[in-house]
Amino acid sequence: MLYLSRNIYTFNIRKYSQACLLLSAFLAPMPFASAAETDPQLSTYVIEAYGTPPVEKTGALSADVANALDTAFGENLKTQTWGAIQNAAIDTLSRSEDARVAWLISDLMRIVGSVELRSLLADSITQLLGIEFKDGDYWGKTTNHLIAWDIPAPPNYLEYKRNVYTVIEPEWENLFTQGDIDWRHVSWGGVRIDNRSFDETDASCNCIPAADNPITTTAEEATWLEDEDIVFGIEVNGEYRAYPRQIMEVREMINDTLGGRDLGIPYCTLCGSAQAYLTDETPDGVQRPVLRTSGLLIRSNKVMYDVNTFSVFDTFRGQAVNGPLAAKNIKLNQVSVVTTEWGRWKKAYPQTTVLAESLALGRDFDFRTGRDANGPIFPIGDADPRLPVQEDVIGLITASGVPIAFPVAQAMTVLESGKPIAFENIRLVLDAGGVKAIDTQGDNVGSHQSFWFAWSQFHPETKLWPL
């Protein structure tokens, strides 16, 4: 018999990355499914890439399928011993011809460590979806198909998925609530939740540890940084600070104060994106959000949350999507982040401060040119085909609400030649060896750099410069 516990799955990022890198080459040219209404060729392309989707069922579940879901994914999942009864329930789901239940089978695949159970679940997916597995990437391949085909979730999906995921991390109970979030696309990133209170930078945790009120030094004191090292430069009210990528890849979240303003700065290693949100503009009675890494992903993008209220934020939009802050319609405004080299940033702004080397915890990760070099290592389904998935873009929303992305390399070439780049109220300018956006008055509009697949997933309707 197979026992389910909090230690059900031991994450091995190296082995998992190697498996997923093989898949990423296949994913690179795929279009974004939600653009189907505007792209008449999309359906054909998805079918060519993933095959014909199964016939979808709608409405209530049959009684036997509903009972099987309760048996396999009900409340007892967190304490029960997995055995013949649960295997029989999976068999019932396999024969149901209801593709919706494949989402839960895929979710269970993500957390199980048993080779026997994973094989059983893979056989079930083959029966339900017709997917043949030639390697061990059962979960990744299944999830990519489900996303690309846009298979609907079964009734009570969130409740069942919460039961699955809280086997791994009980505190996710507070995050898995109704809201403006597609829970089908949420997956485990292989790490635990950072649930430490504010200003516990030095407290140990089995998580990716955010840094609050980080130690900084002058540029002259930062002798550990090479001129070619990548930094994320931020300016607020005439005060400048550099956030080295080496540190951000270890911390992934900074809660800081700069220029008299409070900031939350998430960095998603998987989507190559550092953002800076003002966290001191909340209404009266609403405590400053303290942003943390949840340990969850949504289509290979970071899921961040506020540790005070367990409200989840849309990382790219700064919008609270569930929890108490969503009920108050909290949306965080952005400050521009310039991605550049340390040598160029400190030359342009010699008065800059920079995060202290000690915040890197003795580590020197380089996920971009290492683990993530060949594309997303977690499922994203289909991706907008207009650019390679890891093309760097500057993405932002115009005053009229139109999302637009500017390929960084192309924009740099144009700007360095002295030609302007403008769209509606947006103007791109060079800044310390990087690119940022301003409006027609020269004011900050909160631009940041990211991989194309990430920006286009959060903004599937985005325009792409040059138009």
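Small disclaimer: the values here were computed from a predicted structure and weren't measured.

Enquirer: Can you help me understand empty space enclosed by the protein in this one?
Expert: Regions of empty space are outlined by a rolling probe, equal in size to a water molecule, passed over the atoms. All chains considered together, the criterion is met by 2 cavities of 30 Å³ or more. Computed from the structure, the largest cavity encloses a volume of approximately 60 Å³. Lining of the largest cavity is provided by 14 residues; of these, Trp139, Thr143, Arg184, Val186 and Ser187 occupy positions nearest its centre. For the lining of the largest cavity, the elements supplying multiple residues, two or more each, are α5 (102–111), α7 (138–149), α8 (157–165) and β3 (186–188). Split into classes, the residues belonging to the lining of the largest cavity amount to 6 nonpolar, 4 polar and 4 charged.

Enquirer: Explain the environment of Glu239 to me, please; I cannot follow it from the model alone.
Expert: The residue Glu239 is located in strand β7 (residues 239–244) in this model. Residues Glu239 and Trp465, spaced 226 residues apart in sequence, show a C-alpha to C-alpha distance of 31 Å. If sequence neighbours within four positions are ignored, Glu239 has contacts with Ile234, Leu258, Gly259 and Gly260.

Enquirer: Whenever I open this one, the sheet that holds strand β18 (residues 353–355) confuses me. Can you help?
Expert: The strands making up a sheet associate through backbone hydrogen bonding, with each pair oriented either parallel or antiparallel. The strand order across the open sheet formed by 5 strands is β5-β18-β7-β6-β17, and the pairing between neighbours is mixed. In this open sheet, the two edge strands, each paired with only one partner strand, are β5 (216–218) and β17 (338–341). Averaged over all pairs of adjacent strands, the angle between their axes in this sheet comes to 35°, without regard to strand direction. Note that strand β6 (residues 230–236) and β17 share 4 bridges and pair antiparallel. Bridge pairing links Gly233 to Val338 in β17.

Enquirer: Honestly, helix α12 (residues 408–416) in this entry has me stumped. Any pointers?
Expert: Side chains that are three or four residues apart share a direction in an α-helix, a result of its 3.6 residues per turn. Listing the buried residues of α12 in full gives Val408, Ala411, Met412 and Leu415. One side of α12 carries all its buried residues, which in axial view fall inside an arc of 105°. Facing away from the buried side of α12 by more than 90 degrees, the exposed set consists of Ala409 and Thr413. Of the residues flanking the end of α12, it is Gly418, one or two places downstream, whose phi is positive at about 90°.

Enquirer: When you look at the sheet that holds strand β12 (residues 291–298) in this model, what are you seeing that I'm missing?
Expert: Overall, antiparallel pairing links the 5 strands, which are arranged β3-β12-β13-β14-β15 in an open sheet. A single partner strand is all that each edge strand has here, and the edge strands are β3 and β15 (319–320). Pairing between β12 and strand β13 (residues 302–306): 4 bridges, direction antiparallel. Bridge pairing in β13 places Arg292 opposite Tyr305.

Enquirer: What is the right way to look at the side chain of Thr92 in this model?
Expert: Secondary-structure assignment places Thr92 in helix α4 (residues 84–94). Overall, Thr92 belongs to the buried group, its relative accessible area being 19%. Those residues in contact with Thr92 that sit more than four places away from it in its chain are Asp64 and Ala68.

Enquirer: Help me out: how do you make sense of unusual backbone geometry in this one?
Expert: Working note: non-glycine residues mostly have negative phi, and peptide bonds are mostly trans. For the bond running from Trp465 to Pro466, omega is 0°, close enough to zero to count as cis. You can see Pro466 is positioned in the segment after β25 (463–464). Backbone geometry at Asn213 places phi at a positive 45°, although glycine is not the residue there. By the secondary structure assignment, Asn213 is in the loop between β4 (211–212) and β5.

Enquirer: Honestly, the packing of aromatic side chains in this entry has me stumped. Any pointers?
Expert: The relation between two aromatic rings is expressed through the spacing of the ring centres and the mutual angle of the planes. For the structure shown, the criterion picks out 14 aromatic pairs. Seen in terms of ring centroids, Phe406 and Trp465 are 5.9 Å apart; in terms of plane orientation they differ by 40°. Their pairing is tilted. With Phe406 in strand β20 (residues 403–407) and Trp465 in the segment after β25, this pair connects stretches of sequence that are 59 residues apart. As far as burial versus exposure is concerned, Phe406 and Trp465 are alike and both buried. An aromatic cluster of at least three residues, connected via ring pairs, comprises Tyr165, Trp172, Phe176 and Trp183. Arg110 extends its terminal NZ or CZ atom over the ring of Trp139, reaching a point 4.6 Å from the ring centre. Lying over the aromatic face of Tyr165, Lys161 brings its terminal NZ or CZ to 5.4 Å of the ring centre.

Parameters and conventions
Residues numbered from 1 in each chain as written. Predicted model: local features only at pLDDT ≥ 70, side-chain atom pairs only at ≥ 80, totals over all residues. Heavy atoms only, no water. 1 Å grid on protein atoms, 1.4 Å probe; cavity = no way out; pocket = protein on both sides within 12 Å on 5 of 7 lines; lining within 4 Å. Points joined across faces, edges and corners; volume = space filled by probe spheres on them. Helix = DSSP H or I, 4+ residues; strand = E, 2+ residues; numbered from the N terminus. Nonpolar A, V, L, I, M, F, W, Y, C, P; charged D, E, K, R; others polar. Contact = heavy atoms within 4.5 Å. Pairing = 2+ DSSP bridges. Axes fitted to C-alpha atoms, helices over the stretch in contact; angles between N-to-C directions. Buried < 20%, exposed > 50% of the residue type's maximum accessible area, 1.4 Å probe, protein only. Arc of directions from axis to C-beta. Phe/Tyr/Trp six-rings, centres within 6.5 Å; stacked < 30°, edge-to-face > 60°. Lys NZ or Arg CZ within 6 Å of the ring centre and 35° of its normal.

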